[in-house]
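Coordinate analysis (summary)
One-letter residues, chain by chain:
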Amino acid sequence: MGQQRDEQSSDGAVAIQLRAVTKTFPGASTAAVSPLDLDVPRGEIVVLIGPSGCGKTTTLRMINRLIEPTGGTITVEGVDVRQQSPTELRRGIGYVIQQIGLFPHRTIAQNIATVPKLLGWDKAKVSARVDELVDLVGLDRDMLGRYPGELSGGQQQRVGVGRALAADPPVLLMDEPFGAVDPIVRGRLQGELLALQQRVRKTIVLVTHDIDEAIRVGDRVALLNVGGVLEQFGPPDALLARPANAFVEQFLGSERSLKRLALSQVRSLPHERGPVVDASATVDEARKVADEVGGGWVGVVDAERFLGWVHGERLEDSRPLADQLLETPAVQLAPDATLREALEAILTSRSAVAVIADEGRFGGVVSLEQIRRGLIA
Amino acid sequence: MSEQSPSRATRWAACGAGVLAVVIFVIWARQAVRGLSPDTAATNPIIRWEWVFKRSSTPHELRDLTIEHLKLTALPVAAGLVLSSALAAIALRFRWTFAPLTAVAGFLYTVPSLALFAVLTVYLSPFQAAVVALTSYTLLILVRNIVAGIDGVPESVLSAADGMGMSRQRRLVTVELPLALPVVMAGIRVATVTTIGLVAITGAIQLGGFGFLIFDGYNTQFFTKIAVGAILSVLLAVALDLLIRSVERVLTPWARRRVAR
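Residues numbered from 1 in each chain as written. Chains lettered and ligands numbered in written order. Predicted model: local features only at pLDDT ≥ 70, side-chain atom pairs only at ≥ 80, totals over all residues.

Notes on the overall build of chain A
- Helices and strands together make up the secondary structure of chain A, namely 14 helices and 16 strands.
- In terms of principal-axis extent, the alpha carbons of chain A reach across some 85 × 50 × 35 Å.
- Looking at chain A as a whole, 41% of its 377 residues are labelled buried.
- Restricting the contact set of chain A to residue pairs at least 6 apart, pairs at least 24 apart contribute 62%. (Helix = DSSP H or I, 4+ residues; strand = E, 2+ residues; numbered from the N terminus. Buried ≥ 20, exposed ≤ 12 C-beta atoms within 10 Å, placed from the backbone. Contact = placed C-beta atoms within 7 Å.)

Description of the overall build of chain B
- A tally of regular secondary structure across chain B gives eleven helices and zero strands.
- Its C-alpha atoms give chain B principal-axis dimensions of about 75 × 50 × 25 Å.
- Looking at chain B as a whole, 32% of its 261 residues are labelled buried.
- Look at the contacts in chain B between residues 6 or more apart in sequence, and 65% of them connect residues 24 or more apart.

What about the interface of chain B and chain A?
- Taken together, the contact pairs 17 residues of chain B with 20 residues of chain A.
- Here the side of chain B that touches chain A is composed, by residue class, of eight nonpolar, five polar and four charged. (Nonpolar A, V, L, I, M, F, W, Y, C, P; charged D, E, K, R; others polar.)

Topic: the sheet that holds strand 12 (residues 297-302) of chain A
Residue and element names in this part refer to chain A.
- Spatially, 11-12-13 is the arrangement adopted by the three strands of the open sheet, whose pairing is mixed. The open sheet has two edge strands with one neighbour each: strand 11 (276-278) and strand 13 (305-311). Within the sheet, the average angular offset between the axes of one strand and its neighbour, ignoring direction, is 35°.
- Pairing analysis gives six bridges linking strand 12 to strand 13, with the strands arranged antiparallel. Bridge pairing in strand 13 links Val 301 to Phe 306. (Pairing = 2+ DSSP bridges. Axes fitted to C-alpha atoms, helices over the stretch in contact; angles between N-to-C directions.)

With respect to the packing of helix 5 (residues 113-123) of chain B against helix 6 (residues 126-151) of chain B
Residues and elements named next belong to chain B.
- Relative to each other, helix 5 and helix 6 sit at 135°, their axes nearing to 9 Å. Taken together, the axis directions place helix 5 and helix 6 in an arrangement best described as oblique. Crossing of helix 5 over helix 6 shows right-handed handedness. Of the residues in helix 6, those touching helix 5 at Ser 113, Leu 116, Phe 117, Leu 120 and Thr 121 are Pro 126, Ala 129, Ala 130, Val 132 and Ala 133.
- When the residues that make up the contact of helix 5 with helix 6 are grouped by side-chain class, the tally is eight nonpolar, two polar and no charged. (Parallel < 35°, antiparallel > 145°, perpendicular 65-115°, else oblique. Left-handed = near helix turned anticlockwise from the far one by under 90°.)

Here we look at the sheet that holds strand 7 (residues 171-175) of chain A
Residue and element names in this part refer to chain A.
- The strand order across the open sheet formed by six strands is 6-7-8-3-9-10, and the pairing between neighbours is mixed. Of all the strands in the sheet, the pair left with one neighbour each is strand 6 (93-97) and strand 10 (229-234). Direction aside, neighbouring strands of the sheet carry axes that sit 15° apart on average.
- Of the strand pairs in this sheet, strand 9 (residues 220-225) and strand 10 are connected by five bridges, and their pairing is antiparallel. Bridge pairing in strand 10 places Val 221 opposite Gly 234.
- Packed onto the sheet, helix 6 (residues 153-165) meets strand 6 and strand 7 and runs at close to 165° relative to strand 6.

A look at helix 6 of chain B
Residues and elements named next belong to chain B.
- The end-to-end C-alpha separation of helix 6 is 38 Å, in line with the 38 Å expected for 26 residues at 1.5 Å each.
- By the largest-angle criterion, Leu 139 marks the main kink of helix 6, which is about 35°.
- Counted residue by residue, helix 6 has 19 buried out of 26 residues, so it is predominantly covered. (Expected span 1.5 Å × (residues − 1). Bend = angle between axes of the 7 residues up to and from the residue.)

Quick notes on the environment of A:Val96
Residues and elements named next belong to chain A.
- Within the secondary structure layout, Val 96 lies in strand 6.
- When the C-alpha atoms of Val 96 and Asp 131 are compared, they prove to be 20 Å apart, with 35 residues separating the residues in sequence.
- Discounting residues that sit within four places of it in the chain, Val 96 has contacts with Gly 160, Val 161, Ala 164, Met 174, Asp 175 and Pro 177.

Section: the nonpolar core
- Within the largest apolar cluster, 93 residues are counted, with the highest numbers of intra-cluster contacts made by A:Val47, A:Ile63, A:Leu173, A:Val205, A:Ala222 and B:Val143.
- Among the elements that take part in this core, helix 6 of chain B stands out by supplying seven residues, more than any other.
- Counting residues in each nonpolar core, the second largest holds 29 residues, with A:Val266, A:Val277, A:Trp297 and A:Leu321 among its members. (Core = buried A, V, L, I, M, F, W, Y, C linked by C-beta atoms within 7 Å.)

Thoughts on the packing of helix 9 (residues 210-220) of chain B against helix 10 (residues 223-251) of chain B
All names here are of chain B.
- Look at helix 9 against helix 10: their axes get within 7 Å of each other, and the N-to-C directions meet at 160°. Here helix 10 runs roughly antiparallel to helix 9, going by the angle between their axes. You can see that helix 9 and helix 10 cross each other, and the crossing is left-handed. Contacts between helix 9 and helix 10 involve Phe 210, Gly 211, Leu 213, Ile 214, Asp 216, Gly 217 and Tyr 218 on the former and, on the latter, Phe 223, Thr 224, Lys 225, Ile 226, Val 228, Gly 229, Ala 230, Leu 232 and Ser 233.
- Along the lines of polarity and charge, the residues of the contact of helix 9 with helix 10 split into nine nonpolar, five polar and two charged.

With respect to unusual backbone geometry
- Residue A:Arg201 is not a glycine yet carries a positive backbone phi of 50°.
- Here A:Arg201 is to be found in the loop between helix 7 (183-200) and strand 8 (203-208).
- A residue is classified by how many C-beta atoms lie within 10 Å of it, and A:Arg201, with 12 of them, is exposed.
- Phi angles above zero are rare outside glycine, and B:Gln206 is one such case at about 60°.
- Mapped onto the secondary structure, B:Gln206 falls in the loop between helix 8 (168-199) and helix 9.

Side note on the pairing of strand 15 (residues 353-358) of chain A
Residue and element names in this part refer to chain A.
- Relative to strand 15, strand 14 (residues 332-333) is paired through two bridges, and the arrangement is parallel. Along strand 15, the bridge assignment pairs Gln 332 with Val 355.
- Note that the unit made of strand 14, helix 13 (residues 339-348) and strand 15 has a crossover that is right-handed.
- In the sheet, strand 15 pairs with strand 16 (residues 361-367) via five bridges, with the strands oriented antiparallel. (Right-handed = clockwise from strand over helix to strand, strands pointing away.)

Quick look at the pairing of strand 8 of chain A
- Burial of strand 8 of chain A is extensive: six of the six residues sit out of reach of the surface.
- In strand 8 of chain A, alternate side chains face the same way, and those of A:Thr203, A:Val205 and A:Val207 on one face and A:Ile204, A:Leu206 and A:Thr208 on the other are all buried.

Description of the environment of A:Val79
Residues and elements named next belong to chain A.
- Structurally, Val 79 can be placed in strand 5 (residues 79-80).
- Looking at Val 79, the number of C-beta atoms within 10 Å reads 12, which means it is exposed.
- Between the alpha carbons of Val 79 and Ala 15 there is a distance of 9.7 Å; along the sequence they are 64 residues apart.

Examining helix 10 of chain B
All names here are of chain B.
- Taking 1.5 Å of rise per residue, 29 residues should cover 42 Å, and helix 10 covers 42 Å from first to last C-alpha, within 8% of that figure.
- Where helix 10 is concerned, the buried positions are Thr 224, Lys 225, Val 228, Gly 229, Ser 233, Leu 236 and Leu 240.
- Contact partners of the buried residues in helix 10: helix 2 (49-53), helix 3 (58-93), helix 8 and helix 9.

A short note on the confidence of the model for chain A
- Across chain A, the average pLDDT comes to 86, with 96% of residues at or above 70.
- Note on residues 1-10 of chain A: pLDDT under 50 across the span, and 19 contacts to partners over four residues away in sequence or across chains. (pLDDT = per-residue confidence, 0-100.)

Comments concerning the environment of A:Arg91
- Structurally, the position occupied by A:Arg91 is in helix 2 (residues 86-91).
- According to the C-beta neighbour criterion, A:Arg91 is buried, with 22 such atoms within 10 Å.
- It is 8.0 Å that separates the C-alpha atoms of A:Arg91 and A:Pro169, two residues lying 78 residues apart in sequence.
- With residues up to four places along the chain from it excluded, the contact list for A:Arg91 reads A:Val115, A:Leu118, A:Leu119, A:Ala167, B:Met164 and B:Gly165.

Shown next as structure tokens:
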């Protein structure tokens, strides 16, 4: 097993622990999951991914005992899952499936209230919680009285997430949650999940077969091979930068570097002020900077603000720099923009560099060379 | 979805037109027999309206026959439902029993009704024999529909119910049975309509509801009785079908709303 831990979680707390977990289905000659060790840090999204037959869904369903493991132990928040009855255990773990599985004969409000009612909450508490969740997952309150059949696929999936979060479980299991919706809605729901996670900070185990989804939503990705063999486990960037073996490399695909671009933010690059001069500089000084960088483009900065570009060969000696700015717009990026966005900005700008602006304040520049070095590092 | 089933407005319009047609017909027929005595044979060679509208004992007889017909329908369907629920529960719990159970029910269904009534009257009173025989005919339809209804509950819904920590019993009562209801109700509807038709045959053992009129009319070569018995039997079947449909609509609001979209 090419298991590697690139980064310890910030507080080191493990919410879900799998130790030597195995599963062999009755009548099957080979194991669906061979001895598997996995630690899911608290408050993180861990994505289980792999080809068909890799046991990712089986592994997920063993956590809430929808499938009983053949061997090994699974603990959730330090408690062995076998110490509780399956129904008790499941009420404390959120569960979202691909087909959503909303109850067609119950209204949206009743669907969301399922687990709180199983737990015997009183009416007022349930209804307050339902209102809270509808707001949290971004649905209108006037949908509460409707039936699932009256909602779109994306809305139904939001209800599904709301229903899973109803009793505020610390752990959420999601089995290909966005597999049944079209790519546009899927992208939006992924974004919503990340935004939601910022607020609720649950421990989430998510199964998918979509590597882009895994990279986008996962804090860590566990790549499984057929028979439940863990090939690599780590942050998505670590997998993309240093695939443990040929299988991982092949599974991640040929565009690993391009995929990595979407993972890093501009602020992760070393700060580079770039070919800029102060507005008070002389024309000669600007020419000198232009010659040094070779491209001829020089940025003009005035008291932390990026004013625009001048070109070394088109400078006139008689006028101050600030009056000679070219009309070429400066492409500006926020520090939390991804490298992918930076690359796009660079490719479309004539000056071949993108300007970083943090709420208007000049924060350096990004060049193609910097991105390249960032990926190699 | 609106193409698949007529809209609410069309449905009400159809019902209204039907009721109106019956009312107009009755008014017309009463008009036609005014002034005739009960024993004239003048109004119509097929149906002698004066027998229906002038004969003083007719309303009383028809009322008794309606009650008998309803009893002979409701009792077997109710008994069949109870029995079928138990059999369906067995079939769902032990899958292998489903084929033999439906085979037995299917065999009962093929037994000629006249023969069954005749055999049962040897041991039972005519009324008991009729109820037992008619009950046996409902089993095939009801068992099959209850099992199909429960089987038809989507796997994803069951999976979600289990994943949220519902017990098996709770899942059955709050999820599976309500979702099976449309298919079960369809079974009850078919069983009811079939039974209404079969009740007429119990006329052979001096019962029969409206079937009594048919048998009596046949024996006395009085065609009016045959026609009245047949028409009332059909009307009763249509009425009960509509009644059960409306009960189903009230019980399954989610299905209606989905159609309404």
